[in-house]
Amino acid sequence: MSANTKLLSADNVKKLYTEGGDKYECKHFGCRNKETANAKHKKCGKCGIVNYCSRECQIADWPRHKRTCREWRKRILEDKNSTTNENDGFKRIFNFSTKYSPLCCSIAQHLFPNKTSRKGTIAMIYLQELPEDCKFPRMEIESVGRADIKDIPGDFGTQCLQSVNRERKLVQDRGNDPNDVICALLSHPKTTSFIVVPFVFNDEKDPFKGEGVAAKTAIGLFCHYEVDRIVRTINSLARGESKDLKSAKKCPAGPK
């Protein structure tokens, strides 16, 4: 267990990465096959970002992925053509979101503990720079919050609305509750880069449901406390601290 009680324990981190997160799962919606040492997943041949367990899953997921794939390829090309290191924000943000996906997923879930509060809203995760001697992507979380999408201006708001509506429709078309979806906007003000990441809680049983003012207040305080611990944990890992947590977040049967 981590000696710092303000961080998640090593057991908590390990559980999120091996049970609650999707870092090692096939990205075809509904598949969820995990990558293992003997069954490596392959990346999309166009964007080189998302992973699939088989060609069949990649083909089946293409109608959902193609628009995002095109947007990501455009941003990656812009990064490559950039003349300043500060403009590589998209690739760094994506690396951050992938590296800490199960933890960011847990942040989103605790920001929106009640499923009925998720429609028209988004989790906001603001990132800031770390010193050059820190490992790539050299970012940590500055602050988190929740926002109504209609209040987000410009391209942020447009992409958030499109992404959220697209993910909710996909879930609904498969006969599931669209409120299983929580989208998170990860942004890096210094490079004006951002990415919208969807999280889908296929197995959620509305664990934070409570009746009455006292119950809802207690749930809100607990979720605020948990979000703070998760943010501190991510930042500790990003700075290269807490070696026990770094080991815990590796998938035992998957890539190291």
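Check the entry above for the structure.
What comes next concerns the included structure. As the structure is a prediction and not an experimental result, all values here were calculated from the model.

## Side note on the overall build of the protein chain
- The number of helices and strands found in the protein chain is 7 helices and 6 strands.
- Traced from its N-terminal end to its C-terminal end, the protein chain shows the element sequence α-β-β-α-α-α-β-β-α-β-β-α-α.
- For the protein chain, the residues scored as buried account for 48% of the 256 residues in total.
- The contacts of the protein chain with a sequence gap of at least 6 include a subset with a gap of at least 24, amounting to 62%.
- Approximately 13600 Å² of the protein chain is accessible, and the part contributed by carbon and sulfur atoms is 51%.

## So, unusual backbone geometry
- Residue P137 follows F136 across a cis peptide bond; omega there is 15°.
- Here P137 lies in the loop between β3 (121–129) and β4 (139–148).
- A positive phi angle is found at R138, which is not glycine, with a value near 55°.

## Digging into the pattern of salt bridges
- Throughout the structure, instances matching the rule amount to 12 salt bridges.
- Across the pair K115 and D180 runs a salt bridge whose closest N-O atoms are separated by 2.9 Å. Within this pair, whereas K115 is found in the loop between α4 (101–111) and β3, its partner D180 is found in the loop between α5 (154–173) and β5 (181–188), the two being separated by 65 residues in sequence. The same class applies to K115 as to D180, namely buried.
- Here E132 and R138 are joined by a salt bridge, their closest N and O atoms 3.7 Å apart.
- Taking the relative accessible area as the measure of exposure, R138 reaches 15% and is therefore buried.
- Ionic contacts of the salt-bridge type, sharing partners, join the residues D61, R64 and E167 into one network.

## Some details on the sheet that holds β4
- Reading across the sheet, the 4 strands line up as β4-β3-β5-β6 and stay open at both edges, with mixed pairing between neighbours. Only two strands of the sheet have a single neighbouring strand rather than two, namely β4 and β6 (193–200). Each adjacent strand pair in this sheet contributes to an overall mean axis angle of 25°, direction not counted.
- Pairing geometry for β3 and β5, over 4 bridges, is parallel. When the bridges of β5 are listed, Y126 appears paired with S187.
- The strands touched by α5 are β3, β5 and β6; relative to β5, the strand with the most contacts, the crossing angle is about 155°.

## Quick notes on the side chain of R64
- By the secondary structure assignment, R64 is in helix α2 (residues 55–81).
- Polar side-chain contacts of R64 include one of 3.2 Å to the backbone oxygen of K27.
- With residues near it in sequence (within four places) discarded, R64 still touches K27, R166, E167 and L170.

## Digging into the state of the cysteines
- Applying the stated criterion to the full structure yields 0 disulfides.
- Counting only cysteine sulfurs, C53 is the nearest neighbor of C26, a cysteine outside any disulfide, at a range of 3.8 Å.
- C183 takes part in no disulfide bond, and the closest cysteine sulfur to it belongs to C160, at a distance of 8.0 Å.
- Note on C183: relative accessible area 3%, which makes it buried.

## Topic: the side chain of S193
- Within the element layout of this structure, S193 appears in strand β6.
- Within the structure, S193 has its side chain in polar contact with the backbone nitrogen of F90 (distance 3.5 Å).

Definitions and cut-offs
Residues numbered from 1 in each chain as written. Predicted model: local features only at pLDDT ≥ 70, side-chain atom pairs only at ≥ 80, totals over all residues. Heavy atoms only, no water. Helix = DSSP H or I, 4+ residues; strand = E, 2+ residues; numbered from the N terminus. Buried < 20%, exposed > 50% of the residue type's maximum accessible area, 1.4 Å probe, protein only. Contact = heavy atoms within 4.5 Å. Areas by Shrake-Rupley, 256 points an atom, 1.4 Å probe, with all protein chains shown as cover. Salt bridge = Lys/Arg side-chain N within 4 Å of Asp/Glu carboxyl O. Pairing = 2+ DSSP bridges. Axes fitted to C-alpha atoms, helices over the stretch in contact; angles between N-to-C directions. Polar contact = N/O pair within 3.5 Å; in protein donor to acceptor, adjacent residues only side chain to side chain. Disulfide = S-S within 2.5 Å.

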